[in-house]
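Descriptive analysis of the structure
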Amino acid sequence: MAKQISRILCILMFAAAVAPAAQAQFMDTGFYFEIGLGRATFKDTTLADWDAFTRNGFAGDNRPVQTLSSSLHARDRSYTLISGYRINPYLSFEAGYFRPGAFQYSATGTVKDVANGGAILPASLFYSYRAKGFLIGGTATLPLGKLVELRGRAGFTSTDTRVRFTAVAGGGIRGQDQFSENSQDFYFGAGVGMKVWNYYRLGVDLMRHNNLGKADSNGSYDVDNILVSFSYMY
């Protein structure tokens, strides 16, 4: 992903260098709408931790794990929809919707049914953590010449996190649940963009959602979100 972002940045810088000066009359104030598409990575979650969670869970049900094969997918597609107002060339206020997606853990293997003669049973566990919510914040912009600009952004989110899991042993469901939680969190980020014609902006941004979720409930994770953004100013 880093190589892809580097290529995009190079393309933006090259386009800025060769674009005609007539395109530089970008609107410095006014409302804008932005769409961002990218990929989010959930941090602080490891395969070893979830394997331990699986082993402890089945052991607590008097079915210790005998064999285990597992996988963790900590990256997902993401998007943002943001509307804001640019009060001058250097400062904007914005609000919108964000969805960094989900991470998923799945495991299959066998367990020993101690309470029923030690029979070896097939078992599996699936766990999913999904996040989405609303954000409100501001951006600070630093123009680099007429076409290229850097920006930093920060603000607060109201985040909805949903956990879903299913544990199966011997063909029967041993545990199944789904529950949601709401939290108030903090985000920040930085990016580079290029002004195109009078009303458009193309950019690349990295956003960090800090401690997304509740540690004592659904769980709390840092999320890095790399986005390619398109803005229209009106």
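For the structure, check the block above.
All values reported here derive from a predicted model rather than from experimental measurement.

Observations regarding helix H2 (residues 47-60)
- Spanning 14 residues, H2 covers 20 Å between terminal C-alpha atoms, matching the ideal 20 Å at 1.5 Å per step.
- Every buried residue of H2 is accounted for by Trp50, Asp51, Thr54 and Phe58. Summarising the axial view, the buried residues of H2 lie within an arc of 105°, below the 170-degree limit, and thus occupy one face. Exposed residues pointing more than 90 degrees away from the buried face of H2 are listed as Ala48, Asn56 and Gly60.
- In this structure, the buried residues of H2 make contact with strand E2 (65-73), strand E4 (91-113), strand E5 (119-144), strand E6 (148-169) and strand E9 (219-233).
- Following H2 by one or two positions, Asn62 adopts a phi angle in the positive range, close to 65°.

Thoughts on the nonpolar core
- Membership of the largest hydrophobic core comes to 27 residues, with the highest contact counts inside it found for Phe58, Phe103, Val111, Tyr127 and Tyr129.
- Of all the elements in the fold, those that place two or more residues in this core are strand E1 (30-42), H2, E4, E5, E6, strand E8 (200-214) and E9.
- In terms of residues, this core owes the most to one element, E5, which gives seven residues.

So, the packing of aromatic side chains
- All chains considered together, the criterion is met by 22 aromatic pairs.
- Look at Phe53 and Tyr127: their rings are 6.1 Å apart centre to centre, the planes differ by 70°, and that puts the pair in the edge-to-face class. Of the two residues, Phe53 sits in helix H2 while Tyr127 sits in strand E5, which places them 74 residues apart along the sequence.
- Note on Phe53: relative accessible area 41%, which makes it partly exposed.

Considerations on unusual backbone geometry
- Even without being a glycine, Asp44 presents a positive backbone phi close to 60°.
- The topology assignment puts Asp44 in the loop between E1 and H2.
- When its relative accessible area of 55% is taken as the criterion, Asp44 is described as exposed.
- The backbone of Asn211 sits at a positive phi, close to 50°, despite the residue not being glycine.
- Considering the arrangement of structural elements, one finds Asn211 in strand E8.
- Note on Asn211: relative accessible area 43%, which makes it partly exposed.

Analysis parameters
One numbering rule holds for all chains: residues counted from 1, following each sequence as written. In keeping with the model being predicted, local features are shown solely for residues with a pLDDT of at least 70 and side-chain atom pairs are shown and tallied solely at 80 or more, while totals for entire chains, interfaces and linings include all residues. Note that the side-chain values use all heavy atoms of the structure and ignore hydrogens as well as water. The numbering of helices and of strands both runs from the N terminus, where a helix is a DSSP run of H or I of at least 4 residues and a strand a run of E of at least 2. Working rule for helices: expected span equals 1.5 Å times residues minus one. Here's how the labels work: a residue is buried when its accessible area is under 20% of the maximum for its type, exposed when over 50%, partly exposed in between, all with a 1.4 Å probe on protein chains only. The arc refers to the directions leading from the helix axis to the C-beta atoms. Any pair of residues with heavy atoms lying within 4.5 Å of one another is described as a contacting pair. Here, nonpolar core means buried Ala, Val, Leu, Ile, Met, Phe, Trp, Tyr and Cys residues that are tied together by side-chain atoms lying within 4.5 Å of each other. Aromatic rings from Phe, Tyr and Trp, taking only the six-membered ring of Trp, are treated as a pair when their centres fall within 6.5 Å; an angle between ring planes under 30 degrees marks them as stacked, one over 60 as edge-to-face, and anything in between as tilted.

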